[in-house]
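Coordinate inspection notes
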Amino acid sequence: MPERRAAMPPPSDIVKVAIEWPGANAQLIEIDQKKPLSSIIREVCDGWSLSGSEQFALRYADGPQLYITEQSRGEIKNGTILRLAISPTRAARQLLDRIQSHGIDARLEALKELAKLSADPTFATEFINMEGIGTLARLVESGTHFGEMLAFTLTAFLELMDHGIVSWDLISLSFIKQIAGYVNQPMVDVSILQRSLAILESMVLNSHSLYHRVAQEITVGQLIGHLSNQEIQTYAIALINALFLKAPEDRRQEEHTNPLDQCLTEMASTLAQKHLRSIILNHVIRGNRPIKAEMAHQLYVLQVLTFNLLEERMMTKMDPTDQAQRDVIFELRRIAFDGENDPTGTEKRKALYTKDYKMLGFTNHVNPAMDFTQTPPGMLALDNMLYLAKFHQDTYIRIVLENSSREDKHECPFGRCAIELTRMLCEILQVGELPNEGCNDYHPMFFTHDRAWEEFFCVCIQLLNKTWKEMRATAEDFNKVMQVVREQITRALAMKPSSLEQLKSKLRSLSYSEILRLRQSERMSQDDFQSAPIIELRERIQPEILELIKQQRLNRLCEGSCFRKLGNRRRQEKFWFCRLSLNHKVLHYGDLDESPQGEVPFELLTDKIPVSDIKSVVTGKDCPHMKEKSALKQNKEVLELAFSILYDPDEALNFVAPSKYEYCIWTDGLCALLGREMGSDLTRSDLDTLISMEMKLRLLDLENITIPEAPPPVPKEPSTYNFTYNYG
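Notes on the structure follow. (Residues numbered from 1 in each chain as written. Predicted model: local features only at pLDDT ≥ 70, side-chain atom pairs only at ≥ 80, totals over all residues. Heavy atoms only, no water.)

**A short note on the nonpolar core**
Within the largest apolar cluster, 84 residues are counted, with the highest numbers of intra-cluster contacts made by L136, M203 and I280. If one sorts the elements of this core by residue count, helix α7 (residues 147-161) sits on top with 10 residues. Once residues within four sequence positions are removed from consideration, M203 is found in contact with W168, I171, F175, I176, L210 and V214. Counting 66 residues, the second largest nonpolar core, distinct from the first, contains F362, L386, L429 and L503. (Core = buried A, V, L, I, M, F, W, Y, C linked by side-chain atoms within 4.5 Å. Buried < 20%, exposed > 50% of the residue type's maximum accessible area, 1.4 Å probe, protein only. Helix = DSSP H or I, 4+ residues; strand = E, 2+ residues; numbered from the N terminus. Contact = heavy atoms within 4.5 Å.)

Here is the structure:
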């Protein structure tokens, strides 16, 4: 009995660790998680004959080296190496005194250490309680710090503010002016520029009042100059995005703006954006460095914010009584049919206009203004049509006249098509929606032209006209044509064309016949697989295919995946890795300094969860980290990629998958581990594809043979069973 008892694993509340202290041998001790942390620290101090245990604390020896508190002690695992250190209160007091000392070298070392410690929330709380942020702000405002000393000061300040303990609204105007001065100065160290831009970005994003102050000190035009420096491009674009993101709310509140001032502001803004686009295209997108994930995200955000400028026009209904708006429709008619020699008679002119509006393809021939009263696309559709008519006049006239010369049933109604196409493009490019956290889906071609949206519309309206002819469509086929055009556009955008010319080339290759071929190759024809024998065969095959999919999911979990930690600032990305043991009994996970290039060994993953302890897997809003207020404001994109493992005792391991594919792989794999049904979209797609392939292989010998609905009848018994076989 004693031998068996000795072989049992230690209780779950006992953790074996090593604790280091400079100049002494490490102590190997067992921490009883039921005992107060102060008692454990006292025992450790006694082991090295150190007095005043209340002046000490425990920190991790590896990684971020965070302080261990009563709240975080549950995260200590067996085999962890800890370090005895001075308490966060004592450390904060010492560093606060040292950064105000007269010795330059001592102050530099203190600021360097402070920059590192400020990421620790326990230390940050103590330092902030001692008015540490005010001290750092005064050091910056004094203007006496330069080089490394200033860089460490700004790093510490940013780290401390990012904990959310102190409101950004408390920042003084002189501090903002000093930080803005570093950005505006021509020759400033890169590290100082990076931190200054990051601080200004946080100010703009976290405080509406500070947005006004920062906007007075920094303009987009000034930031554009920094885009040619590859070391600070990402920080500069992030600040530009922050200013753009907050600016619309600001402008909406300024109801009594001088119209002339507003006009001048818009002109300057337009010029700045044109210059911005050109710089980004030449120095970032076409630069000599590959675009990293954070830069791709900032380009995506800028693209979304640029398209969101169209939202106001998209949601504006046309006023049929507004003469200026009606004049735009008259201009469309004039350009198409050269109506300068109109008959003078009002009735004749009205009858002629009605005929012309019908040829232009408007639904309401008498008053086409009524076609623009639905939002979306509202007035945006009329803007697009006018742009086509003025800047691509030959194309516009050709489309209108070409269709007006066809038979009535085969004409492609330009007006109706342009309105529906504008609505479709707004949906595809998600005009009016906020940027999604973690999304990097930007399109380089939209940075190649000052009027990229309008040019994109012009390319797509020509595609629609071409597809209409290829389909030999009639008015009844309008919705079918729009579905095909949507598929052509989305497939072309998925290829990420680098220019509008490349887009045209890809759309030319995606003709109607090619779309039909792709559809045929991507899905199984339903007509060929509806007979009872085929359905029965499918049901027999399905369990084998599901088992195959299950094994593939579990194999992927064994390979593991890298996940990004949700933090306050995306530019300081932190990663962690999770993988399933080869015997499918334990999930291993641990933090990483950077995204891995290949498989991460189990030895580097210090934490683990037995599969037998897993209670359930939850997704979306049911996840603990999505219920928190700070969870990225429950961003739609993040919600769709979030899932959590709930395990004993009432703990959770929270995930945000890097992609929809990884989300499906992991949720399927975890469900398979728990013996539950795999219900992801990927499983349904894989199941359909694999069953289709398997059935086609099995039915190869039956090609061109009609499979009966019912089995053939059993023949009657023979009259005699005296069968004779002649082998001679």
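On we go from here.
**Focus on the sheet that holds strand β11 (residues 651-656)**
The strand order across the open sheet built from 3 strands is β9-β10-β11, with neighbouring strands paired in antiparallel fashion. A strand with exactly one partner marks an edge of an open sheet, and here the two such strands are β9 (614-619) and β11. Mean inter-strand twist for the sheet, computed between neighbouring axes without regard to direction, equals 20°. In terms of strand pairing, strand β10 (residues 642-647) meets β11 through 6 bridges, oriented antiparallel. In the sheet register, L646 faces β11, and the bridge partner there is A652. (Pairing = 2+ DSSP bridges. Axes fitted to C-alpha atoms, helices over the stretch in contact; angles between N-to-C directions.)

**Here we look at the pattern of salt bridges**
Considering all chains together, one arrives at 33 salt bridges under this definition. With a closest N to O distance of 3.4 Å, R98 and E113 form a salt bridge. Highlighted residues: R98 in helix α3 (residues 88-98) and E113 in helix α4 (residues 104-117), separated in sequence by 15 residues. On the basis of relative accessibility, which here comes to 31%, the residue R98 falls in the partly exposed class. Across the pair R698 and E694 runs a salt bridge, and its minimum N-O distance is 2.9 Å. One end of the pair, R698, and the other, E694, are both in helix α29 (residues 681-698), 4 residues apart, so they sit about a helical turn from each other. Residue classification places R698 among the partly exposed positions, given a relative accessible area of 40%. Assessed through its relative accessible area of 25%, E694 is described here as partly exposed. If you follow the salt bridges from partner to partner, you end up with R398, E402 and K469 in one network. (Salt bridge = Lys/Arg side-chain N within 4 Å of Asp/Glu carboxyl O.)

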